[in-house]
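Residues per chain, in single letters:
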Amino acid sequence: MDSGYPFLAALQLIPLIAIGLMLLLRNTRFGFEAALLLATLELLVAVDMYHALDITVHGLQFVERIELLPPLVYHAGADGLTVLFMLLTALLTLMVVLYSRVRRVADLAKFLTVIFAIEGSLQSLFATQDFLWFTLSSAVELIMVGYVLRGWANAPQEDLAMQRYLQFMGTGLLLLFAGVFLLGWNYAQANAGVWSFELDRLLVERLPGSVEVVVFFLLFYGLAIRIPLFPLHGWLPLIAEHGTVAVAGVFLLGLKTGVYGLLRFVFPLVPGAVQQWNEWVVAFAVVGIFYAALLDRKSGV
């Protein structure tokens, strides 16, 4: 379903406008007020989209599509999952903006600029139906979160936390890019060399069994690092302990992009491999729950 009101484009453009205003107003006293206004506007648009969603319709709504430079295509659409994630993103961003004033964050204009960059990348990856676009937006989001960690961490071990973050997230991105590349290559092999990463087109060209397993592991572990799934969680304690409160709110939403990517792209694209390996994944998830409980008990929490 198309929509005359470009909800998705608006939710991606408002953070970009906010970035521009933060840069223009960085040496004035109006930066926070502008940030608060635009963060509130973003939340109102997200709430409006939530109310406009027709829950009786099966499939994507508010569809937007623009041909850019092939194979990269702007193809956005929303269902209930998309709307909830985008609404949560807008709400958490507004909370972080308010936090920045209450806690008197250093270099406020720069901090808010980066926060809006994170919000824009998150909204973009939640809205897109193009797996390459999702991956590129994920890379931008991770780089911006790393910048927040580097500039506003508040503990002696911030260098170690940053090192762990870059190691794990860099590895995850490489795995994700490799899996997405194989999906595009498989589509090109079946379509006279024409590449595409759009979900609806990739679903048409199923992967051979052996290739499907390889792609599954590349995509799954590329995203599982962000969830994080045991035993790929080694970076999280340091980040949680040595980052700022603002990082926790924004970054925890960033973690959920791993779950979102699995539900939106991985499970539909490699169903055979998912069926074959789902018991192992569930086992690791259960181990992770008990492992975290043991760590909490040991630390006295």
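Look up: the structure comes first, before these words.
Residues numbered from 1 in each chain as written. Predicted model: local features only at pLDDT ≥ 70, side-chain atom pairs only at ≥ 80, totals over all residues. Heavy atoms only, no water.

1. With respect to the overall build of the protein
Argument step 1. Summing up its helical and strand segments, the protein has 11 helices and two strands in all.
Argument step 2. If you list the helices and strands of the protein from N to C, you get α-α-β-β-α-α-α-α-α-α-α-α-α.
Argument step 3. Relative to its 301 residues, the protein shows a buried fraction of 49%.
Argument step 4. Taking the contacts inside the protein whose residues are at least 6 apart along the sequence as the reference set, 74% of them involve residues at least 24 apart.
Argument step 5. For the protein, the exposed area adds up to about 14,700 Å²; of that, 68% sits on carbon and sulfur atoms. (Helix = DSSP H or I, 4+ residues; strand = E, 2+ residues; numbered from the N terminus. Buried < 20%, exposed > 50% of the residue type's maximum accessible area, 1.4 Å probe, protein only. Contact = heavy atoms within 4.5 Å. Areas by Shrake-Rupley, 256 points an atom, 1.4 Å probe, with all protein chains shown as cover.)

2. Describing a nonpolar patch on the surface
Argument step 1. Together, Leu13, Leu16 and Ile17 make up a nonpolar patch on the protein surface, roughly 290 Å² of accessible area in all.
Argument step 2. Among the structural elements, isoleucine 17 can be located in helix 1 (residues 7–24).
Argument step 3. A relative accessible area of 49% places isoleucine 17 in the partly exposed class. (Patch = residues over 30% accessible without salt bridge, like charges linked within 9 Å, V, L, I, M, F, W, Y side chains within 5 Å. Salt bridge = Lys/Arg side-chain N within 4 Å of Asp/Glu carboxyl O.)

3. Some words on the pairing of strand 1 (residues 61–67)
Argument step 1. Bridge analysis of strand 1 against strand 2 (residues 73–78) gives five bridges, and the strand direction is antiparallel. Paired with glutamate 67 across the strands is valine 73, a residue of strand 2.
Argument step 2. Here strand 1 hands over to strand 2 after five residues, the two strands then running antiparallel side by side. (Pairing = 2+ DSSP bridges.)

4. A short note on the nonpolar core
Argument step 1. Core analysis: the biggest nonpolar cluster contains 79 residues, and Leu8 and Phe131 have the highest contact counts within it.
Argument step 2. Element by element, the count of residues in this core is highest for helix 4 (residues 108–127), at 11 residues.
Argument step 3. Beyond its immediate sequence surroundings of up to four residues, phenylalanine 131 is in contact with Leu176, Val180, Leu183, Phe197, Leu202, Leu219, Phe265 and Leu269. (Core = buried A, V, L, I, M, F, W, Y, C linked by side-chain atoms within 4.5 Å.)

5. What about the layout of surface pockets?
Argument step 1. Of the voids in this model, the second largest pocket is the one considered here, and its volume is about 250 Å³.
Argument step 2. In this structure, the second largest pocket is lined by 14 residues; those nearest its centre are Leu16, Gly120, Ser121, Ser124 and Ser137.
Argument step 3. Among the elements of the structure, helix 1, helix 4 and helix 5 (131–152) are those that each provide at least two residues to the lining of the second largest pocket.
Argument step 4. For the lining of the second largest pocket, the element with the most residues is helix 1, which contributes five residues.
Argument step 5. Class assignment for the residues of the lining of the second largest pocket results in nine nonpolar, five polar and no charged. (1 Å grid on protein atoms, 1.4 Å probe; cavity = no way out; pocket = protein on both sides within 12 Å on 5 of 7 lines; lining within 4 Å. Points joined across faces, edges and corners; volume = space filled by probe spheres on them. Nonpolar A, V, L, I, M, F, W, Y, C, P; charged D, E, K, R; others polar.)

6. A look at empty space enclosed by the protein
Argument step 1. A complete count under the given rule lists three cavities of 30 Å³ or more for this structure.
Argument step 2. One number sums up the size of the largest cavity: a volume of about 40 Å³.
Argument step 3. Lining the largest cavity, in full, are Leu142, Met169, Gly172, Leu173, Leu176, Gly222, Ile225 and Arg226.
Argument step 4. Looking at the lining of the largest cavity, the element that brings in the most residues is helix 6 (residues 158–190), giving four residues.
Argument step 5. In terms of residue class, the lining of the largest cavity is built from five nonpolar, two polar and one charged.

7. Some words on the pattern of salt bridges
Opposite charge on two side chains permits pairing when their charged atoms draw close.
Argument step 1. Scanning the entire structure with this criterion turns up six salt bridges.
Argument step 2. Notably, a salt bridge pairs arginine 65 with glutamate 198, separated by 2.6 Å at the nearest N-O pair. Placement of the pair is arginine 65 in strand 1 and glutamate 198 in the loop between helix 6 and helix 7 (199–202), with a sequence separation of 133 residues.
Argument step 3. Of the charged contacts, one joins aspartate 107 and lysine 110 as a salt bridge, the two residues approaching to 3.6 Å between their closest N and O atoms.
Argument step 4. A single salt-bridge network, built from bridges that share partners, covers Arg65, Glu67, Glu198 and Arg201.

8. Here we look at the packing of aromatic side chains
Given two aromatic rings, their pairing is described by the distance between the two centres and the angle made by the two planes.
Argument step 1. The tally for this structure, following the rule as stated, stands at 14 aromatic pairs.
Argument step 2. Ring geometry for phenylalanine 131 versus phenylalanine 265: centroids 4.4 Å apart, planes at 5°, classification stacked. Separated by 134 residues along the polypeptide, phenylalanine 131 in helix 5 and phenylalanine 265 in helix 10 (residues 245–269) bring together distant segments of the chain. The residues phenylalanine 131 and phenylalanine 265 share a single accessibility class, namely buried.
Argument step 3. What links up through ring pairs into an aromatic cluster is the set Phe216, Phe217, Phe220 and Tyr221.
Argument step 4. The ring of phenylalanine 32 carries arginine 101 above its face, with NZ or CZ at 4.1 Å from the centroid. (Phe/Tyr/Trp six-rings, centres within 6.5 Å; stacked < 30°, edge-to-face > 60°. Lys NZ or Arg CZ within 6 Å of the ring centre and 35° of its normal.)

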